[in-house]
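Structural overview for review
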Number of protein chains: 2
Amino acid sequence: MTKIKQFESEWLPKINELLVHQVAIDGSQEQLVAAMQYSVDAGGKRLRPLLALATVISLGKSVNVDVLKALTAVELLHTYSLIHDDLPAMDDDDLRRGKPSNHVIYGDALATLAGDGLQALAFQWVTDNQLTSTIQSELALKLAIAAGPAGMVAGQADDVLNENNPLTADQLRVLHENKTGALIHYAVESGLIVGDIKPSDRQQYLRFADDYGLAFQIYDDVLDVVSNEQTLGKPVHQDADKNTYPNLFGLAESKRLLKATIADGLAALDQIQKSQGYDPEILRALCGYFKIEEI
Amino acid sequence: MTKIKQFESEWLPKINELLVHQVAIDGSQEQLVAAMQYSVDAGGKRLRPLLALATVISLGKSVNVDVLKALTAVELLHTYSLIHDDLPAMDDDDLRRGKPSNHVIYGDALATLAGDGLQALAFQWVTDNQLTSTIQSELALKLAIAAGPAGMVAGQADDVLNENNPLTADQLRVLHENKTGALIHYAVESGLIVGDIKPSDRQQYLRFADDYGLAFQIYDDVLDVVSNEQTLGKPVHQDADKNTYPNLFGLAESKRLLKATIADGLAALDQIQKSQGYDPEILRALCGYFKIEEI
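Residues numbered from 1 in each chain as written. Chains lettered and ligands numbered in written order. Predicted model: local features only at pLDDT ≥ 70, side-chain atom pairs only at ≥ 80, totals over all residues. Heavy atoms only, no water.

**Notes on the overall build of chain A**
A count of helices and strands for chain A gives 13 helices and two strands. Overall size of chain A, expressed as C-alpha extent along the three principal axes, is 50 × 45 × 40 Å. For chain A, the proportion of contacts with a sequence separation of at least 24, taken over those separated by at least 6, is 73%. Accessible area of chain A: about 11,500 Å², with a carbon and sulfur share of 49%. (Helix = DSSP H or I, 4+ residues; strand = E, 2+ residues; numbered from the N terminus. Contact = heavy atoms within 4.5 Å. Areas by Shrake-Rupley, 256 points an atom, 1.4 Å probe, with all protein chains shown as cover.)

**A few points about the interface of chain B and chain A**
How large an interface is tends to be reported as the accessible area lost when its parts come together. Across the boundary between the two partners, chain B contributes 46 residues, which contact 46 residues of chain A. Buried area between chain B and chain A, both sides added, is near 3,600 Å², and the carbon and sulfur share of it is 71%. Three residues, Gln29, Leu113 and Pro149 of chain B, lead the burial of chain B against chain A; their summed loss comes to 16% of the area buried on that side. Between chain B and chain A we count zero salt bridges in total. Put simply, chain B and chain A have eight residue pairs in polar contact (both at pLDDT 80 or more) between them. Put simply, the parts of the chain that give the side of chain B that touches chain A at least two residues each are helix 2 (30-40), helix 4 (65-86), helix 5 (102-127), helix 6 (133-147) and helix 7 (152-161) of chain B. The leading source of residues in the side of chain B that touches chain A is helix 5 of chain B, at 13 residues. For the side of chain B that touches chain A, the class distribution of residues is 24 nonpolar, 17 polar and five charged. (Buried area = accessible area lost by both parts, 1.4 Å probe. Salt bridge = Lys/Arg side-chain N within 4 Å of Asp/Glu carboxyl O. Polar contact = N/O pair within 3.5 Å; in protein donor to acceptor, adjacent residues only side chain to side chain. Nonpolar A, V, L, I, M, F, W, Y, C, P; charged D, E, K, R; others polar.)

**A short note on the pattern of salt bridges**
All names here are of chain A. Evaluation of the coordinates by the stated rule reveals 31 salt bridges over all chains. Two residues, Arg96 and Asp86, come together in a salt bridge whose shortest N-O distance is 2.9 Å. Here Arg96 is found in strand 1 (residues 95-96), whereas its partner Asp86 is found in helix 4 (residues 65-86), with 10 residues between them in sequence. Per residue, the accessibility class of Arg96 equals that of Asp86, and both read buried. The shortest N-O distance in the salt bridge between Glu138 and Lys142 comes to 3.2 Å. Of this pair, Glu138 and Lys142 both sit in helix 6 (residues 133-147), separated by four residues, roughly a single helical turn. Linked by salt bridges that have partners in common, Glu138, Lys142, Glu189 and Arg202 make up one network. (Buried < 20%, exposed > 50% of the residue type's maximum accessible area, 1.4 Å probe, protein only.)

**Considering the packing of helix 8 (residues 169-194) of chain B against helix 9 (residues 203-226) of chain B**
Residues and elements named next belong to chain B. Packing of helix 8 against helix 9 brings their axes to within 8 Å, and their N-to-C directions diverge by 140 degrees. Viewed along their axes, helix 8 and helix 9 adopt a mutual orientation that is oblique. Viewed along their axes, helix 8 and helix 9 form a crossing whose handedness is right-handed. On helix 9, the residues that touch His176, Thr180, Gly181, Ile184, His185, Val188, Glu189 and Leu192 of helix 8 are Tyr205, Leu206, Ala209, Asp210, Tyr212, Gly213, Phe216, Gln217 and Asp221. In terms of residue class, the contact of helix 8 with helix 9 is built from eight nonpolar, six polar and three charged. (Axes fitted to C-alpha atoms, helices over the stretch in contact; angles between N-to-C directions. Parallel < 35°, antiparallel > 145°, perpendicular 65-115°, else oblique. Left-handed = near helix turned anticlockwise from the far one by under 90°.)

**A word on the confidence of the model for chain A**
Per-residue confidence for chain A averages 94 on the pLDDT scale, and 96% of its residues sit at or above 70. In the model output, the complex is listed with pTM 0.96 alongside ipTM 0.95. (pLDDT = per-residue confidence, 0-100.)

**Looking at the relation of the copies chain B and chain A**
The two copies are related by a screw operation: chain B maps onto chain A through 180 degrees of rotation and 0.0 Å of translation along the axis, at an RMSD of 0.0 Å. Such a turn and shift between the copies fits a two-fold axis. Closest to the rotation axis within chain B is the C-alpha of Ser137 of chain B, separated from it by 2.3 Å. In this assembly the copies share their binding face: 100% of the residues contributing to the interface of chain B also contribute to that of chain A. (Least-squares fit on C-alpha atoms with pLDDT ≥ 70 in both.)

**Comments concerning empty space enclosed by the protein**
Inspection of the entire model under this criterion finds five cavities of 30 Å³ or more. Breaking the lining of the largest cavity down by element, the ones donating at least two residues are helix 2, helix 4 and strand 2 (99-100) of chain B. With four residues, the top contributor of residues to the lining of the largest cavity is helix 4 of chain B. Looking at side-chain class alone, the lining of the largest cavity contains five nonpolar, four polar and four charged residues. Empty space within the second largest cavity amounts to approximately 90 Å³. Taken together, Tyr38, Ser39, Ala42, Thr79, Leu82, Ile83, Asp86, Arg96, Arg97, Pro100, Ser101 and Asn102 of chain A form the lining of the second largest cavity. (1 Å grid on protein atoms, 1.4 Å probe; cavity = no way out; pocket = protein on both sides within 12 Å on 5 of 7 lines; lining within 4 Å. Points joined across faces, edges and corners; volume = space filled by probe spheres on them.)

**Regarding helix 4 of chain A**
Residue and element names in this part refer to chain A. For helix 4, which comprises 22 residues, the first-to-last C-alpha distance of 32 Å matches the rise-based estimate of 32 Å (1.5 Å per residue) to within 8%. In terms of burial, helix 4 is largely enclosed, as 21 of its 22 residues are buried. A distance of 3.0 Å separates the backbone nitrogen of Asp66 from a side-chain oxygen at the start of helix 4, and that oxygen is part of Asn64. (Expected span 1.5 Å × (residues − 1).)

**Side note on the nonpolar core**
Of all hydrophobic cores here, the largest spans 181 residues; its most connected members are Tyr212 of chain A together with Tyr212 and Leu286 of chain B. Setting aside chain neighbours within four positions, we find Leu286 of chain B in contact with Ile4, Phe7, Glu8, Leu47, Leu50, Leu51, Ala54 and Tyr212 of chain B. (Core = buried A, V, L, I, M, F, W, Y, C linked by side-chain atoms within 4.5 Å.)

**Regarding a nonpolar patch on the surface**
All names here are of chain A. On the surface, Val225, Val226 and Leu251 cluster together into a nonpolar patch covering about 190 Å² of accessible area. Structurally, the position occupied by Leu251 is in helix 12 (residues 251-276). By relative accessible area, Leu251 is classed as partly exposed at 31%. (Patch = residues over 30% accessible without salt bridge, like charges linked within 9 Å, V, L, I, M, F, W, Y side chains within 5 Å.)

**What to know about the environment of Asp210 of chain B**
Locating Asp210 of chain B in the fold gives a position in helix 9. On the basis of relative accessibility, which here comes to 40%, the residue Asp210 of chain B falls in the partly exposed class.

**Some words on the packing of helix 2 (residues 30-40) of chain A against helix 5 (residues 102-127) of chain A**
The relative placement of two packed helices comes down to the angle between their axes together with the axis-to-axis distance. Residues and elements named next belong to chain A. The geometry of helix 2 relative to helix 5 is characterised by a closest axis approach of 9 Å and an angle of 95 degrees between their N-to-C directions. When the axes of helix 2 and helix 5 are compared, the pair comes out roughly perpendicular. Contacts from Gln31, Leu32, Ala34, Ala35, Met36, Tyr38, Ser39 and Val40 of helix 2 reach helix 5 at Asn102, Ile105, Tyr106, Leu110, Leu113, Ala114, Gly117 and Leu118. The residue inventory of the contact of helix 2 with helix 5, partitioned by class, reads 12 nonpolar, four polar and no charged.

**Let's talk about the packing of aromatic side chains**
Residue and element names in this part refer to chain B. Summed over the entire model, instances satisfying the criterion amount to 19 aromatic pairs over all chains. Ring geometry for Tyr38 and Tyr106: centres 5.7 Å apart, planes at 65 degrees, overall edge-to-face. Of the two residues, Tyr38 sits in helix 2 while Tyr106 sits in helix 5, which places them 68 residues apart along the sequence. Classification of Tyr106 by relative accessible area gives partly exposed; the value is 26%. With a centroid separation of 5.4 Å and 70 degrees between ring planes, the pair formed by Tyr219 and Tyr289 is classed as edge-to-face. (Phe/Tyr/Trp six-rings, centres within 6.5 Å; stacked < 30°, edge-to-face > 60°.)

**Comments concerning the environment of Ala260 of chain A**
All names here are of chain A. Tracing the backbone shows Ala260 in helix 12. Ala260 gets classed as partly exposed once you look at its relative accessible area, which sits at 38%. Measuring from C-alpha to C-alpha, the distance between Ala260 and Asp211 comes to 9.3 Å, with 49 residues separating the pair along the chain.

Following this line, the structure appears as structure tokens:
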């Protein structure tokens, strides 16, 4: 079994179990819990908690239940953003990960509240554990900045407001740095915070995180062009009028940009290994998410 | 000038200025900032931060800019809940505090995002200050519990799902403890946390907070029956089919219950003064919000 398969087979079941069971424990309203569970249990790749865990593990730190809970919080935040993003008032998507969107099953009101509840719960999970107050408060602060109006929500607003308004390359970069990049940046950062690495030693990890986030968005845009609905599990060719990398740069240049971005991220990991002595092999393996040979 | 007028004239301008200016500093997307500012600047009574400040002051602690920011965060949380509550998918209210609701001005998508951003920002404000990590992490945890799926959002879900389904007195109590009570409880609790009062000494303060929260909801329900739109600043007689105290107990019994609840809250304050030696006179004065002689 490869290292990455071993890593995933160890951690994915624990992440999934924690998400479904702990959400039920932390919620008191039956239908609301059902709506929250429906989306956290909808089978995502759990890339964000995996990135966080791979970061902690690269630092040689062990992962107990408290670390797992704190680092899985980012998946609650991500799930809330998907639920709200799919609402009729937003992107109006009826399909998510091959299943009906939350609001299709539970209605717009409960879907709105399920998202709201998951956001609050993310902040609960980073502070309701046995980690030190210093770690908890830094996690909460950095999560708030990543998720908030200078982070993810700013990107969402840019996306919604500029749907029919062509952006420049710089504007598109800012949009994606906020909308997708901020939370992936936070995922890696949360591993560094839990691993108690001082800010001046975080630079190459965060360079990797930012490359990963950018690559993630370009890859998603490219997949929308080259895939079909069955393999992707959600509607494709939705982006014809949207601000995407293929629409702005063309498909070939987007693929080139994707490869260059991944290469820069891998170079950051090489430098971490060489200069800092950490072993980021699982982070390296998580770049396997980008199947660049298939696009 | 009475003590309460003096207190309000000292703190309301500071709260209002902080809300409007800091939101602009913490947000990066122009329209999103405008939408958030519109609602935080819509002239609420600021009861929750005032309760928090009155609690700290009763403990003899001073209030600097960091304390003010941490304790004003609850108003961001409250404002987000109002924006989402007014959405067409939820209560579909076009008027709030005498002005058009957020979504009427900014559209449903940006209103949803403005609410999402304000929730994240509330967690940022309790952790992005010079208070100790111990205080910051407890504030974030208690705010998450109050706002989350066993708190405010659970109450909202109960409210939305039972609009045409009569509740028992117990069910109605739980609904309001969550929907309105949890955040008022947190407001007072946040003052105790910042004031560094140990949990075993918080009991009477939290009894006061819970009475205040219950009274607040009964009073709101009663006002809907006895007021007109002009004096209330929002549509009235909206609650004919809803689960309210007047609908469940009748108007006279609701007024009696309101008075008894306020009396119990004041008794808690008397006990704080007598047994703990603190001076909760501004909390006492904040009960003047309930104009029971006028209803």
